[in-house]
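Below are the chains, spelled out letter by letter.
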Amino acid sequence: IASAQAAAEPAAAPNLTGNVAITTNYKFRGQDQDIIGNNGFAKDSYVKPAIQGGIDYAFGSSGFYVGNWNSSVNWLPGNSVEMDFYGGYKFKGGPIDWDVGVLTYVYPGNTAGNTTEIYGAGTWADETIGAFTAKYSWTVSKDYFNYAGNKGGSGLDGTNTGYLNLAYTKEIFPKVTLKAAIGYTFFTSDIKSLGYKDYLDYNVGAAYDFGSGLSLGGYIQGGNEQSAFNLVASPGVDINGVTFGQTTFSPNKTRFILMLTKTL
């Protein structure tokens with residue numbers, strides 16, 4: 001499952017790792033990240049390839065880490081790349097592996113989408129049962145991915161929007177790992193006043209490890225409350241005040257996604 005916070009585990013010595021990936025569609029929290037078509041209207045397509053990659057640096061066995069992750073996107077006018085910068089601290093507390101940190105999403109071509117969150121996660125793992133992770137991300141920036149339109153002068157605030165994610169991984173066959181997750185986005189009242197609704201997203205699939213850091217995954221991803229996020233794909237034709245042929249789709253629409261990943 002693609003993650004912008006796949007920071008390296010603490011190691012015995014300073015450790016630099018990297019990753020590159022090609023995906024048939026980039027979804028973030030269940031939503032398509034490539035939605036602007038050549039005609040200026042929304043693009044409803046199952047295949048919207050994205051190239052992704054990042055680096056992570058772990059400060060030895062201290063538990064501290066920093067990283068950067070990037071992806072091609074197309075949902076903000078004038079912008080074509082997402083750049084994520086994060087740093088945090090991992091530590092062991094009883095049977096739980098804890099991870100706390102801060103993450104900033106940067107859209108250099110259109111800063112209206114810039115968002116900063118702080119996060120905390122706990123993972124419990126068992127070789128027989130698998131690994132369970134619970135993570136909560138809390139928005140501390142003035143807006144949440146431009147939903148409130150704060151930089152555009154709306155006067156609305158996206159601060160305190162939250163996201164809860166529950167994930168599970170388990171090697172079910174040699175070299176084959178099952179991955180499943182559900183998430184829930186809690187919008188602020190200002191964002192809800194625009195008609196958006198809190199929604200559930202889901203992600204389930206499996207990845208095959210070819211060895212040498214190369215893996216191929218297939219996942220089903222999407223979200224509910226689709227009508228609250230509908231975009232116009234074709235404006236249709238207006239005849240005597242009546243619109244004919246207009247089509248819409250939701251970025252929360254369920255997609256099957258393939259991802260080829262190489263860790264370095």
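What this report covers is the structure whose coordinates are included nearby. Bear in mind that the values here come from a model prediction, so they are computed numbers and not experimental data. (Residues numbered from 1 in each chain as written. Predicted model: local features only at pLDDT ≥ 70, side-chain atom pairs only at ≥ 80, totals over all residues. Heavy atoms only, no water.)

**Points about the overall build of the chain**
Operational definition: Think of it this way: any DSSP run of H or I at least four residues long counts as a helix, any run of E at least two long counts as a strand, and we number them from the N terminus. The classification of residues rests on relative accessible area computed with a 1.4 Å probe and restricted to protein chains. Under 20% of the type maximum is buried, over 50% is exposed, and intermediate values are partly exposed. Residue contacts follow a heavy-atom distance rule, with two residues in contact if any of their heavy atoms lie within 4.5 Å. Shrake-Rupley sampling with a 1.4 Å probe provides the accessible areas, and residues are treated as covered by the protein chains on show and by no other component.
Looking only at helices and strands, the chain features one helix and 18 strands. The proportion of buried residues among the 264 residues of the chain is 42%. Across the chain, the fraction of contacts at a sequence separation of at least 24, relative to all contacts at a separation of at least 6, is 55%. Of the accessible surface of the chain, which amounts to about 12,900 Å², a share of 63% is contributed by carbon and sulfur atoms.

**Description of the sheet that holds strand β1 (residues 15–23)**
What counts is decided by this rule: Note on pairing: DSSP must find at least two bridges between two strands before they are called paired. Where helices are involved, their axes are fitted lines through C-alpha atoms of the stretch in contact, as for all axes, and angles between N-to-C directions lie from 0 to 180°.
Around the barrel, 12 strands lie side by side as β1-β4-β5-β6-β7-β8-β9-β10-β11-β12-β13-β18; this closed barrel has antiparallel pairing. For this sheet, the mean angle separating the axes of adjacent strands, direction not counted, is 20°. Across nine bridges, the pairing between strand β7 (residues 96–106) and strand β8 (residues 115–126) is antiparallel. The residue of β8 that forms the bridge with L103 is E117.

**What about the pairing of strand β12 (residues 199–211)?**
Of the strand pairs in this sheet, strand β11 (residues 176–186) and β12 are connected by 10 bridges, and their pairing is antiparallel. Among the inter-strand pairings, G183 is bridged to a residue of β12, identified as D201. Two strands pair when backbone bridges link them, and β12 and strand β13 (residues 214–223) are joined in this way by 10 bridges, in the antiparallel orientation. Along β13, the bridge assignment pairs G205 with Y219. Here β12 hands over to β13 after two residues, with S212 in that stretch at a positive phi of 55°.

**As for a nonpolar patch on the surface**
What counts here: Like-charged residues within 9 Å of one another, or nonpolar side chains (Val, Leu, Ile, Met, Phe, Trp, Tyr) within 5 Å, are grouped into patches, provided each residue has over 30% relative accessible area and no salt bridge. Whenever Lys or Arg places a side-chain nitrogen within 4 Å of a carboxyl oxygen from Asp or Glu, that contact is recorded as a salt bridge.
A cluster of nonpolar side chains, namely V102, I118, Y136, W138, V140, L164, L166, I182, F186 and L200, defines an oily patch on the protein surface of about 760 Å² accessible area. Every element with two or more residues in the nonpolar patch is listed here: β9 (130–139), β10 (162–173) and β11. Locating F186 in the fold gives a position in strand β11. Residue class for F186 comes out partly exposed when judged on its relative accessible area of 33%.

**Description of the side chain of Q221**
To keep it simple, the criterion reads: Under this definition, polar contacts are N or O atom pairs within 3.5 Å; protein pairs additionally need one hydrogen-donor-capable and one acceptor-capable atom, and for neighbouring residues in sequence, both atoms have to be side-chain atoms.
As for its position among the elements, Q221 is in strand β13. Taking relative accessible area as the criterion, Q221 reaches 9% and is therefore assigned buried. In this structure the side chain of Q221 is engaged in a polar contact, spanning 3.5 Å, whose partner is the side chain of N203. Residues within four places of Q221 in sequence aside, it is in contact with K27, Y202, N203, K253, T254, R255 and I257.

**Examining unusual backbone geometry**
Look at N146: it is not a glycine, yet its phi comes out positive at around 65°. Within the fold, N146 resides in the loop between β9 and β10. For E225, which is not glycine, the phi dihedral falls at a positive 50°. Mapped onto the elements, E225 comes out in the loop between β13 and β14 (231–234).

**Overview of the pairing of β1**
Of the pairings in the sheet, the one linking β1 to strand β4 (residues 50–58) comprises nine bridges and is antiparallel in character. Across the sheet, the residue bridging to L16 is Y57, located in β4. With five bridges joining them, β1 and strand β18 (residues 255–263) adopt antiparallel strand pairing. Residue pairing across strands places I22 opposite L260, the latter belonging to β18.

Bear in mind that shape data such as this cannot, by itself, settle questions of function.
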